[in-house]
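One letter stands for each residue in the lines below.
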Amino acid sequence: MPAMDIVAAPDEVVEDHDQEDAVETRERSAQNASDIVLRTRRRSSVAKPPTKSKKDKQKSKQKQKQVAEAVLAAAGTETAEPESMLAAARPIPLLVCSIGNPGVQYANTLHSAGHTVLNRLASHLGYGQYTREKTWGKGLVSRPMTTGDSGNWVLWQSTDYMNESGKGVKAAYQAWNKNLPEGNGKLVVVHDELEKPLGAVNVKLQQGLSARGHNGLKSIMSTIGNTPFIRIGIGIGRPVSRESDDVARYVLKKMDEKEKAAVEGSVEQVVAQLKKLESG
């Protein structure tokens, strides 16, 4: 009997394909499940940031607070600086006193050169006329007519004799100083000075220096105690003779026109020195 080829029935072929599809589906499902498991493991293996403890959180808040306070303090300093600079720039009040001998007899003598300078100074600054004030040591006082440059200066002239200048200067200083902030004002004494060229201006800031025989300065130093004062000496030259009588006659003589012009001509230098003093 001849051999016959066996041909599979169509239904059997379809069945085999169905089985293959089922196998593939199961394999894909298994692969998907495997991928999901792998991804899950990877995510779980990533380190999570540590959770801050309550104590750490408190420290963090405290540090933030300190930083904020530092910023505010710096801002406060920046706003305060201009104000402090403004305070430092305010001029210092000055009481400018002149000493000499009173009355027409001694007016415009070399020994009263301080008075001559203060008379010219009041005119130069546009101050008011000198008026006598009893509470100011019975001296003559001149004040600025308006505020502005040199508005913090008060001019005062002694009406006592030279060797009694101290009590008037002390009274004037006390009357002036009582309305000022403590330690804020400066006392300045303008006087004649032998040995210096006529009209020269000599400023002495140092305290405790010798009066060098000047009776007016001696009186002030013995009266006002520890109150500091600044000297502005106006040069009046010196006679050739060194004899005391000749010196006395020289300082008590009336100035001639040339001498008076030299003394009055020192006013601008005096103003320049006073401006330095009021600035500190």
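Residues numbered from 1 in each chain as written. Predicted model: local features only at pLDDT ≥ 70, side-chain atom pairs only at ≥ 80, totals over all residues. Heavy atoms only, no water.

Visitor: How would you summarise the pattern of salt bridges if you had to cite specific residues and measurements?
Guide: Any two side chains of opposite charge can pair, given that their charged atoms come close. The tally for this structure, following the rule as stated, stands at six salt bridges. Here glutamate 195 and arginine 238 are joined by a salt bridge, their closest N and O atoms 2.8 Å apart. With a gap of 43 residues between them, glutamate 195 in the loop between strand 5 (186-193) and strand 6 (201-204) and arginine 238 in the loop between strand 7 (230-235) and helix 6 (244-251) connect regions that are remote in the sequence. The class for arginine 238 is partly exposed, based on a relative accessible area of 27%. Among the salt bridges present, the one from aspartate 246 reaches arginine 249, with a minimum N-O distance of 2.4 Å. Here aspartate 246 and its partner arginine 249 are both found in helix 6, three residues apart, which amounts to about one turn of the helix. On the accessibility criterion, aspartate 246 (24% relative accessible area) is partly exposed. By relative accessible area, arginine 249 is classed as exposed at 54%. (Salt bridge = Lys/Arg side-chain N within 4 Å of Asp/Glu carboxyl O. Helix = DSSP H or I, 4+ residues; strand = E, 2+ residues; numbered from the N terminus. Buried < 20%, exposed > 50% of the residue type's maximum accessible area, 1.4 Å probe, protein only.)

Visitor: Explain the pairing of strand 4 (residues 153-157) to me, and be specific about the residues and the numbers.
Guide: Judged by how many residues are buried, strand 4 sits mostly within the fold: five of five residues are covered. Side chains Trp153, Leu155 and Gln157 project from strand 4 onto one buried face, and the interleaved Val154 and Trp156 project onto a second face that is buried too. The pairing of strand 1 (residues 94-98) with strand 4 spans five bridges and is classified as parallel. Among the inter-strand pairings, leucine 94 is bridged to a residue of strand 4, identified as tryptophan 153. Relative to strand 4, strand 3 (residues 139-142) is paired through three bridges, and the arrangement is antiparallel. Residue pairing across strands places valine 141 opposite tryptophan 156, the latter belonging to strand 4. (Pairing = 2+ DSSP bridges.)

Visitor: Quick rundown of the environment of serine 266? Include the residues and the values.
Guide: Along the polypeptide, serine 266 turns up in the loop between helix 7 (257-264) and helix 8 (267-278). Take serine 266: its relative accessible area is 0%, and that puts it in the buried class. For the pair serine 266 and leucine 121, spaced 145 residues apart in sequence, the C-alpha to C-alpha distance is 9.6 Å. Setting aside anything within four residues of it in sequence, one finds serine 266 in contact with Val117, Gly199, Val201 and Ile234. (Contact = heavy atoms within 4.5 Å.)

Visitor: Give me the lowdown on the packing of helix 3 (residues 113-125) against helix 8, citing residues and values where you can.
Guide: Between helix 3 and helix 8, the least distance of the axes is 10 Å, while the angle of their chain directions is 75 degrees. Classified by the interaxial angle, the pair formed by helix 3 and helix 8 is roughly perpendicular. Here helix 3 contributes Val117, Arg120, Leu121, His124 and Leu125 to the contact with helix 8, which in turn contributes Val267, Glu268, Val270, Val271 and Leu274. (Axes fitted to C-alpha atoms, helices over the stretch in contact; angles between N-to-C directions. Parallel < 35°, antiparallel > 145°, perpendicular 65-115°, else oblique.)

Visitor: Let's hear about the nonpolar core: which residues, and what values?
Guide: Generally speaking, a soluble globular protein has its nonpolar side chains buried in company with each other. Of all hydrophobic cores here, the largest spans 28 residues; its most connected members are Leu155 and Leu274. Among the elements of the structure, strand 1, helix 3, strand 4, strand 5, strand 7, helix 6 and helix 8 are those that each provide at least two residues to this core. When sequence neighbours within four positions are dropped, the list of residues in contact with leucine 274 reads Leu94, Val96, Leu121, Trp153, Val188 and Ile232. Counting 20 residues, the second largest nonpolar core, distinct from the first, contains Val154, Tyr173, Val189 and Leu217. (Core = buried A, V, L, I, M, F, W, Y, C linked by side-chain atoms within 4.5 Å.)

Visitor: Describe the sheet that holds strand 4, and please don't skip the residues or the numbers.
Guide: The strand order 2-3-4-1-5-7-6 describes an open sheet built from seven strands, whose pairing is mixed. Only two strands of the sheet have a single partner each, and these edge strands are strand 2 (131-133) and strand 6. If you compare each strand with its neighbour and ignore which way they point, the axes differ by 30 degrees on average. Inspection of the sheet shows strand 2 paired to strand 3 by three bridges, in the antiparallel sense. Bridge assignment links threonine 131 to a residue of strand 3, and that residue is valine 141. Running over the sheet, helix 3 touches strand 1, strand 3, strand 4, strand 5 and strand 7 and is turned about 145 degrees from strand 4.

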